[in-house]
Amino acid sequence: MSALNSAMLLALLPELMVLALMGLVLIADLSGRVKGRNLGWLTIVGLVVVVLVSVSTAMPDATGAAVWGGTLKHDALSFVFRMLFLIAAALTVFFVLDVPALGDRGAFYLLLLASVLGMMLMAMANDLIMLFLAMETATIPLYVLAGFFTGRRDSVEAGFKYLLFGALASGFMLYGLSLLYGFSGGEVEFAALAQGLSKTQAPTWAVLAALMIVIAGFAFKVAAVPFHFWAPDVYQGAPTPVAAFLSTASKAAGFALLVRVALVAFPSGSLPWWGAALAAMAAATMTLGNILALTQTDLKRLLAYSSIGHAGYILMGVVAATKLGLTAVVFYLLVYMLTNLAAFGIVAVLERSTGSTSAANLAGLYKRSPWLTLATLAAFLSLAGVPPFAGFVAKVWVFMAAVEANLAWLAVIAVLNSIVGIYYYLVVLKVAYEYDPPEDAPPIVVSRPVVWALAALAVFIVIAGVAFGPWFGWGKWAAAALFP
Amino acid sequence: MIPLSWYLIVAALLFGIGVYGVLARKNAVAILIGLELMFNAVLVNVLAFWRYLQPTGTAGLVFAVIIFAVAAAEVAVGLALFIAVYRRFGSSDVDDINLLKW
C-alpha cells in the first residue's frame, strides 16, 4: 500500500471532476439560483470542461499503470471509454433540455452524472470488488432514471422491471464472483485471479460454471441473448433520452469491463469451452435481435432489438480476443454510441411533436421536416451498415477481426444478419420518404439544442465513415493497452 | 474446525431459496426479500473463503462490506420505485404490471 501521491490523484482526475460537478449541480439546484434548463447547460459545460482538462492533463501511457492499490487501471483502454461516456452524457443532456418534467429537474442531471461516474469506474476496474461496485454505481441511478416520470404508468413500469431484472442479474453475478474469488485462492485482481485459477484445486466445470454466471451479469448489462428480454420493455417505457443513454453508454460500459475480464482474467485457452460459449452467445444475440426487430411497429422497441443485434456484432470482436478484435470493438462502440444517440434523438423529437413513438408517425416526414429526415437517413443507414456511413466501416473491421481469428462461420452469420438488418432500417426510411403525411399531421418542432446535437452527430457519422483513420487510431491506441 | 465445504453448501442452499423466492413470488416486496437472501448467500461465501484461504488479507472483508452496502442501496431504490408503482397501478403484484409487451 502506497501513500496518496499526485500520480494517483491525476489518474482519477476525470472522476474527481465529475464528482465536483455533481456537487456543483446539487448546490445550484438547491440554492434555487439556477433554474430549469440552465441546470442542463451547467451539466453540459461541466462535462465539456472535464473532457478538455482530462485530455490535456490526465492522458495515460498506452499500457498505463494500476493505481489505488491495484483496484483501478489507468490506461489507454479505460481513458478512451471514459471520454466516450462523458461525451455521450453531454449529448444526452442536449436531448433532455426541453423535455418537460425532465430537463428542468436538478435530480435528473445529478443521477445522470452519478451513473456516468460508475461507468467511468467500470472502464477502469481492475479487480472483482471494483467490478461489482462500479457496475452497481452505474446501474442503480439508471433504475431511477428509467422510472423518472412517476406520473406515467409506462415509465414507472420500465423502472420497476429494470430494477427487478437488474437486481436478479447482479445477485447471480455476485454469486459467481464470490466463487471465482474462492476458487482462485482468495485473489481479486484480474491478473492475479488468472494466475490463481491456473493452479486451482477446484474442478474445471465448477470454475466454468462460476464464470458463466458472471457472464450472465454482463449479458444483462449489454442486453445480450438470453438476458436481453428487459431491453425492449425498458427502452419503450423509459423517457426517450434515458433510453438513448441506456442503449449507448450503459451498453458500452458493459463492454469496456467485459473486454478487460475476458482478456486479462480469462485469456482465451485458459478454460475449455469458454471461447465457444461466448461465440455462441454472439451468434444467438445478433440473430435473435435482428429477427425480432422485423416485426416491431414502435420505433423505440425497434431500436431496442436493433441494439441487441449490435451487441452481438460487438461480442464478435470480444470473442476474437486479438489486437484487431479489441481495436474493432472500441471503434464499433464509438460509432455505435454516436449513431444510436442520433437515432434516439430523432425518436425523442417525434415523440415530443406527435405524442407517440409509433413508426407510423414517420409518414411523410420528408415533407414535414426534410432536414430531420436527412439526419434519420444518416443514422439509420449507418446502423444498417451501408457505406459511406460510419456503421459500415465499423462492421467491416469487426467482421475482419472474426475472420482473422478463424471464426469465419461467425462472420458469415453476422453478414447474413446485416442483410436482415438492412430490411427493417429501410422500411423505416421508406415510411419517412415515400408515404404521404396524414392530413392532421402535427408540425415537427425541433428545439435549438437538439438541432445542434443532431447536426453534429450526423456530420460525425459521415466523416467517420469517409475518413475513419483518426478514430480508428484511437481504437488502436486503446487496444495497445492490453496488446502492447 | 468446520470444513469450508459446509459453509459453501449452506450458502448454495440459501442462494437457491432466494432464487426460488424471486421467481415464485408475485409480490414485489417478497421478491425483494428473495433478492436479499441471494445477497446474504454471497456474503456467507465471501466471508468463508476469506477466513479459510486468506485470513490475513483484507480483500474479503472489503468485498463483504461493499456487498451489503450496495445491497442496502438497491433495496432503498427498489422500495421507492415500488411506492411509485403502487400509486400508479394500485398494486405491487408483478402480474398486474404488464403494460409493456411485444
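Residues numbered from 1 in each chain as written. Chains lettered and ligands numbered in written order. Predicted model: local features only at pLDDT ≥ 70, side-chain atom pairs only at ≥ 80, totals over all residues. Heavy atoms only, no water.

A. Layout of the overall build of chain A. Regarding its fold elements, chain A presents 20 helices and 2 strands. Radius of gyration (C-alpha) of chain A: 21 Å, near the 23 Å computed for a compact globule of 484 residues. For chain A, the spread of C-alpha atoms along the principal axes amounts to about 70 × 55 × 40 Å. By sequence separation, contacts in chain A at least 24 residues apart represent 79% of the contacts at least 6 residues apart. Carbon together with sulfur atoms contributes 70% to the accessible area of chain A, which is approximately 16,200 Å² in total. (Helix = DSSP H or I, 4+ residues; strand = E, 2+ residues; numbered from the N terminus. Rg over C-alpha atoms; globule rule 2.2 N^0.38 Å. Contact = heavy atoms within 4.5 Å. Areas by Shrake-Rupley, 256 points an atom, 1.4 Å probe, with all protein chains shown as cover.)

B. Examining the overall build of chain B more closely. If you tally the helices and strands in chain B, you get 3 helices and 0 strands. Taken from N to C terminus, the helices and strands of chain B fall in the order α-α-α. In terms of overall dimensions, chain B has a C-alpha envelope of 50 × 25 × 25 Å along the principal axes. Looking at chain B as a whole, 42% of its 102 residues qualify as buried. Excluding contacts between residues fewer than 6 apart, the proportion of contacts in chain B whose partners are at least 24 apart in sequence is 58%. Carbon and sulfur atoms make up 68% of the accessible area of chain B, which totals about 5,400 Å². Of note, chain B has its 6 positive side-chain charges centred 2 Å away from the centre of its 5 negative side-chain charges. (Buried < 20%, exposed > 50% of the residue type's maximum accessible area, 1.4 Å probe, protein only. Lys, Arg positive; Asp, Glu negative; His and termini not counted. Charge placed at Lys NZ, Arg CZ, Asp CG, Glu CD.)

C. Geometry of the side chain of S353 of chain A. Positionally, S353 of chain A belongs in helix α14 (residues 323-354). Polar contacts involving the side chain of S353 of chain A include one to the main-chain amide nitrogen of V445 of chain A, which spans 3.0 Å. (Polar contact = N/O pair within 3.5 Å; in protein donor to acceptor, adjacent residues only side chain to side chain.)

D. Local environment of the nonpolar core. Residue and element names in this part refer to chain A. Membership of the largest hydrophobic core comes to 243 residues, with the highest contact counts inside it found for F85, L131 and F266. A total of 21 residues in this core trace back to one element, the largest contributor, which is α14. With near-sequence residues (within four places) excluded, F266 lies in contact with L180, L193, L197, L211, V261, L271 and W274. (Core = buried A, V, L, I, M, F, W, Y, C linked by side-chain atoms within 4.5 Å.)

E. Up close: empty space enclosed by the protein. Residue and element names in this part refer to chain A. The tally for this structure, following the rule as stated, stands at 3 cavities of 30 Å³ or more. If you trace the largest cavity, you find it lined by F132, M135, E136, T139, Y143, G166, A169, S170, M173, G217, F220 and K221. Listed by contribution, the elements that provide at least two residues to the lining of the largest cavity are α6 (128-146), α7 (153-183) and α9 (204-222). With 5 residues, α6 is the largest single contributor of residues to the lining of the largest cavity. There is about 60 Å³ of room inside the second largest cavity. Mapped onto the lining of the second largest cavity, the elements with two or more residues apiece are α14, α16 (370-384) and α17 (390-404). Ranked by residue count, the leading element in the lining of the second largest cavity is α14, at 4 residues. In terms of residue class, the lining of the second largest cavity is made up of 5 nonpolar, 4 polar and 1 charged. (1 Å grid on protein atoms, 1.4 Å probe; cavity = no way out; pocket = protein on both sides within 12 Å on 5 of 7 lines; lining within 4 Å. Points joined across faces, edges and corners; volume = space filled by probe spheres on them. Nonpolar A, V, L, I, M, F, W, Y, C, P; charged D, E, K, R; others polar.)

F. Structural context of the interface of chain B and chain A. Residue-level contacts link 42 residues of chain B with 45 residues of chain A. Both sides of the chain B and chain A interface together cover about 3,900 Å² of buried area, and 79% of this is carbon and sulfur. For the pair chain B and chain A, the number of links is 4 residue pairs in polar contact (both at pLDDT 80 or more). Of all the secondary structure elements, the ones that give two or more residues to the side of chain B that touches chain A are α1 (4-24), α2 (28-53) and α3 (59-89) of chain B. Element by element, the count of residues in the side of chain B that touches chain A is highest for α3 of chain B, at 17 residues. For the side of chain B that touches chain A, the per-class residue count stands at 34 nonpolar, 5 polar and 3 charged. (Buried area = accessible area lost by both parts, 1.4 Å probe.)

G. Structural context of the environment of V49 of chain A. Residues and elements named next belong to chain A. Note on placement: V49 falls in helix α3 (residues 37-57). A relative accessible area of 39% places V49 in the partly exposed class. For the pair V49 and M17, spaced 32 residues apart in the sequence, the C-alpha separation amounts to 9.0 Å.

H. Structural view of a nonpolar patch on the surface. Residues and elements named next belong to chain A. Together, L4, L9, L16 and L19 give the surface a local cluster of nonpolar side chains, amounting to about 350 Å² of exposed area. Its place among the elements puts L19 in helix α2 (residues 13-31). A residue is classified by how much of its surface remains accessible, and L19, at 45% relative accessible area, is partly exposed. (Patch = residues over 30% accessible without salt bridge, like charges linked within 9 Å, V, L, I, M, F, W, Y side chains within 5 Å. Salt bridge = Lys/Arg side-chain N within 4 Å of Asp/Glu carboxyl O.)

I. Layout of the environment of Y175 of chain A. Among the structural elements, Y175 of chain A can be located in helix α7. Sequence-wise, Y175 of chain A and G355 of chain A are 180 residues apart; in three dimensions their C-alpha atoms are separated by 43 Å. For Y175 of chain A, the contacting residues outside a window of four places in its chain are I213 of chain A together with A11, A12, F15, V42 and N45 of chain B.

J. Region of the structure containing the side chain of H74 of chain A. Residues and elements named next belong to chain A. Mapped onto the secondary structure, H74 falls in strand β2 (residues 72-74). Of note is the side chain of H74, whose polar atom sits 3.1 Å from the side chain of R82. Those residues within four positions of H74 in sequence are excluded, and the remaining contacts are A11, A58, M59, P60, G64, A65, V67, F79, R82 and M124.

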